[in-house]
Amino acid sequence: MTENRVIRLKARPVELPGPEHFEITAEPRPKPGPGEALIQIEAAALSPWQGQRLKDFRNYTKPFEIGEVIDGDTLGRVMQSNAPELPVGTMIAGRLGWREWAVTTPGTVEIVQEGQSAETTLVTLSSPGLTAYAGLNAAKRGMPGETLVVTSAAGGVGSHVVQLGLMAGMRVVGLAGGEAKRRIVEEKLGAHVAIDYRAADLEQQFAKAFPNGFDLFYDTVGGALADQIFEHTAKFATIVLVGRTAANNSSNPGADMANVRVPWGQNANIIGFNRYDRPLEWAEARTRMERLAADGKINSLVSWAEGFEAAPQALQDMLAGRNVGKTLVRFHS
Ligand SMILES: NC(=O)c1ccc[n+]([C@@H]2O[C@H](COP(=O)([O-])OP(=O)(O)OC[C@H]3O[C@@H](n4cnc5c(N)ncnc54)[C@H](OP(=O)(O)O)[C@@H]3O)[C@@H](O)[C@H]2O)c1
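Residues numbered from 1 in each chain as written. Predicted model: local features only at pLDDT ≥ 70, side-chain atom pairs only at ≥ 80, totals over all residues. Heavy atoms only, no water.

Colleague: Lay out the pattern of salt bridges in plain terms, naming residues and giving numbers.
Modeller: For the structure shown, the criterion picks out 20 salt bridges. Taking the shortest distance from any N to any O, the salt bridge between Arg-5 and Glu-309 comes out at 3.2 Å. Residue Arg-5 is found in strand 1 (residues 3-9), and its partner Glu-309 is found in the loop between strand 14 (302-306) and helix 11 (311-319); the two are separated by 304 residues along the sequence. Glu-309 gets classed as partly exposed once you look at its relative accessible area, which sits at 44%. A salt bridge links Asp-256 to Arg-244, with the nearest nitrogen and oxygen atoms 2.3 Å apart. With Asp-256 in the loop between helix 8 (245-248) and helix 9 (261-265) and Arg-244 in the loop between strand 12 (233-241) and helix 8, this pair connects stretches of sequence that are twelve residues apart. Residue class for Asp-256 comes out partly exposed when judged on its relative accessible area of 23%. (Salt bridge = Lys/Arg side-chain N within 4 Å of Asp/Glu carboxyl O. Helix = DSSP H or I, 4+ residues; strand = E, 2+ residues; numbered from the N terminus. Buried < 20%, exposed > 50% of the residue type's maximum accessible area, 1.4 Å probe, protein only.)

Written as structure tokens, this is what we have:
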């Protein structure tokens with residue numbers, strides 16, 4: 001068996017992507033050259049940015065080309081090596097994409113401590129957990145007793161924000177889609193208040209959850225929900241804009257948030273957060289989150305999809321909210 005299956009973009013989705021937008025092809029397994037190692041990829045983490053890059057839409061990332069292998073965070077093991085820094089058997093994490101086998105070089109991947117779980121590696125100590133910490137750090141806000149509102153609170157980033165907010169002594173209000181996720185945010189993560197944002201009485205629930213408005217809003221979705229939350233901005237509140245899942249999933253440019261009237265009137269501090277321009281916050285986040293994970297003080301919520309070919313459907317399920325926490329796909333065990 002010297003085959004290597006890879007998943008390429010076949011056609012651009014207009015709204016949510018599905019298996020029909022991807023093509024699985026079998027290719028020869030790559031051979032490591034001098035200084036390179038051959039990795040068997042065991043698992044991949046799915047992220048909303050992958051859904052965004054399927055579309056012809058630019059922000060700080062560029063769209064995938066038709067025919068391009070889908071990029072993404074992965075965990076794998078060195079199976080053959082011409083690089084002394086990556087001996088056979090080493091576990092690594094890196095952006096190797098949707099392929100079963102890949103060739104890599106030291107310095108472009110991280111060595112993972114033997115025994116560290118896939119969940120800790122791909123979630124808490126990767127983009128979701130580090131974005132949660134670094135985004136809160138960028139807000140420079142979080143006094144005990146202040147009200148923190150978090151969207152996608154049962155998601156990869158949001159679930160860590162809830163836990164970090166509680167550690168800081170904040171009063172945490174987490175929003176999630178549906179009663180099952182709402183209960184996870186309340187019971188598993190321990191948010192003071194958990195709200196199903198699809199509920200008919202959302203406005204009444206907001207008025208009860210933060211009668212004096214929010215002090216810090218960590219937003220991962222944007223769109224109509226963010227607009228509605230903005231109506232509850234307290235004086236001198238802080239808003240960190242981390243993600244735009246609602247707009248990314250939509251073909252309608254008007255799906256982005258539009259309501260700056262109340263934040264402006266309340267002298268809110270609106271902060272854009274893009275991890276690639278935040279190297280200092282990122283480095284600190286890694287150090288602190290490693291400590292919290294080692295001490296067992298922070299946990300990741302994860303949904304597993306099984307099998308390499310499951311990745312396209314799992315991406316759609318994650319973008320549509322039919323998952324809990326971060327979605328990981330097991331390519332091989
Ligand atoms: N700026 C950065 O540097 C940076 C870094 C990492 C991630 N991000 C962004 O952070 C966000 C969260 O990432 P993640 O990996 O943790 O994903 P995630 O929150 O685990 O998954 C996306 C979730 O968005 C929610 N959602 C989808 N459509 C929605 C809508 N119309 N209104 C409200 N909620 C909706 C769904 O949860 P419900 O079922 O609860 O609706 C879905 O599960 C993404 O937008 C991502 O791009 C930004």
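Here the narrative resumes, following the displayed structure.
Colleague: Go over the sheet that holds strand 8 (residues 147-150), please, and point to the residues and values.
Modeller: Pairing is parallel across the open sheet formed by six strands, whose spatial order is 10-9-8-11-12-13. Looking at which strands have only one partner, the edges of the open sheet turn out to be strand 10 (193-196) and strand 13 (269-272). Averaged over all adjacent pairs, the angle separating strand axes in this sheet is 15°, with direction ignored. Docked against the sheet, helix 4 (residues 156-167) engages strand 8, strand 9 (171-176) and strand 11 (214-219), running at close to 170° with respect to strand 8. Contacts from helix 5 (residues 179-188) reach strand 9 and strand 10 within the one sheet, and its direction differs from that of strand 10 by about 170°. (Pairing = 2+ DSSP bridges. Axes fitted to C-alpha atoms, helices over the stretch in contact; angles between N-to-C directions. Contact = heavy atoms within 4.5 Å.)

Colleague: Report on the packing of aromatic side chains, specifying residues and quantitative values.
Modeller: Each aromatic ring pair is summarised here by two numbers: the centre-to-centre distance and the angle between the ring planes. Scanning all chains against the criterion turns up five aromatic pairs. With a centroid separation of 5.7 Å and an interplanar angle of 35°, the aromatic rings of Phe-22 and Trp-98 are classed as tilted. Of this pair, Phe-22 sits in strand 2 (residues 22-28) while Trp-98 is found in the loop between strand 5 (91-94) and strand 6 (101-104), placing the two residues 76 residues apart along the sequence. In this structure Phe-22 comes out as buried when scored by relative accessible area, which is 5%. Among the aromatic side chains, those forming a connected cluster through ring pairs are Phe-214, Phe-217 and Phe-230. One Lys or Arg, Arg-29, reaches over the ring of Trp-101 and ends 3.8 Å from the middle of that ring. (Phe/Tyr/Trp six-rings, centres within 6.5 Å; stacked < 30°, edge-to-face > 60°. Lys NZ or Arg CZ within 6 Å of the ring centre and 35° of its normal.)

Colleague: Just give me the short version of the domain arrangement of the protein, but keep the residues and values in it.
Modeller: Here the domain parsing of the protein yields domain 1 (3-115 + 301-330) and domain 2 (127-277). Placing a centre on the C-alpha atoms of domain 1 and another on those of domain 2 gives a separation of 29 Å. At the interface, 18 residues of domain 1 touch 19 residues of domain 2. Both faces combined, the contact of domain 1 with domain 2 buries some 1500 Å², and carbon together with sulfur accounts for 51% of it. (Domains from an automatic or database assignment. Buried area = accessible area lost by both parts, 1.4 Å probe.)

Colleague: Give me the layout of surface pockets: which residues, what numbers.
Modeller: Over the atoms a probe the size of a water molecule is rolled, and this reveals where empty space is left. Of the pockets and cavities examined, the second largest pocket occupies roughly 650 Å³. Lining the second largest pocket are 31 residues; nearest its centre among them are Glu-110, Thr-121, Leu-125, Ser-126 and Arg-286. Secondary structure elements with two or more residues in the lining of the second largest pocket: strand 5, strand 7 (110-112), helix 2 (118-124), helix 3 (127-139) and helix 10 (279-294). In terms of residue count, helix 10 provides more of the lining of the second largest pocket than any other element does, six residues in total. The residue makeup of the lining of the second largest pocket, split by class, is twelve nonpolar, twelve polar and seven charged. Structurally, the lining of the second largest pocket is a two-domain feature, drawing no fewer than three residues from each of domain 1 (3-115 + 301-330) and domain 2 (127-277). (1 Å grid on protein atoms, 1.4 Å probe; cavity = no way out; pocket = protein on both sides within 12 Å on 5 of 7 lines; lining within 4 Å. Points joined across faces, edges and corners; volume = space filled by probe spheres on them. Nonpolar A, V, L, I, M, F, W, Y, C, P; charged D, E, K, R; others polar.)

Colleague: Before we move on, can you summarise the site of the ligand with the specific residues and values?
Modeller: Taken together, 30 residues form the shell around the ligand, and within it Val-157, Lys-181, Tyr-197, Thr-245 and Arg-275 come nearest. In the model, a nitrogen atom of the ligand is placed 2.8 Å from a nitrogen or oxygen of the Phe-273 main chain. Here an oxygen atom of the ligand sits 3.1 Å away from a polar atom, N or O, in the side chain of Lys-326. Summarising the interface, the protein chains cover 91% of the accessible area of the ligand, which totals 910 Å² for the free molecule. Of all elements in the fold, only helix 3, helix 4, helix 8 and helix 11 reach the threshold of two or more residues within the shell around the ligand. Tallied by class, residues from the shell around the ligand come to eleven nonpolar, 14 polar and five charged. Each of two domains, domain 1 (3-115 + 301-330) and domain 2 (127-277), supplies a minimum of three residues to the shell around the ligand. (Near = heavy atom within 4 Å. Polar contact = N/O pair within 3.5 Å; in protein donor to acceptor, adjacent residues only side chain to side chain. Areas by Shrake-Rupley, 256 points an atom, 1.4 Å probe, with all protein chains shown as cover.)

Colleague: Would you mind going over the packing of helix 6 (residues 202-209) against helix 7 (residues 223-230) in detail, with residue names and values included?
Modeller: Viewed as axis vectors pointing N to C, helix 6 and helix 7 meet at an angle of 45°, and their least axial separation amounts to 11 Å. Of the possible angle classes, the one that applies to helix 6 and helix 7 is oblique. For the crossing formed where helix 6 meets helix 7, the hand is right-handed. Contacts between helix 6 and helix 7 involve Leu-202, Glu-203 and Phe-206 on the former and, on the latter, Leu-225, Gln-228 and Ile-229. When its residues are assigned to classes, the contact of helix 6 with helix 7 shows four nonpolar, one polar and one charged. (Parallel < 35°, antiparallel > 145°, perpendicular 65-115°, else oblique. Left-handed = near helix turned anticlockwise from the far one by under 90°.)

Colleague: If you had to explain the nonpolar core to someone new, which residues and values would you point to?
Modeller: Nonpolar side chains in soluble globular proteins generally cluster together in the buried interior. In this structure, Leu-148, Leu-164, Val-185 and Met-289 are the most contacted members of the largest nonpolar core, which totals 34 residues. Of all the secondary structure elements, the ones that give two or more residues to this core are helix 3, strand 8, helix 4, strand 9, helix 5, strand 11 and helix 10. Considering every element that reaches this core, the biggest residue donor is helix 3, with seven residues. Ignoring anything within four residues of it in the chain, the contact list for Leu-164 reads Ala-132, Tyr-133, Leu-136, Met-289, Leu-292 and Ile-298. (Core = buried A, V, L, I, M, F, W, Y, C linked by side-chain atoms within 4.5 Å.)

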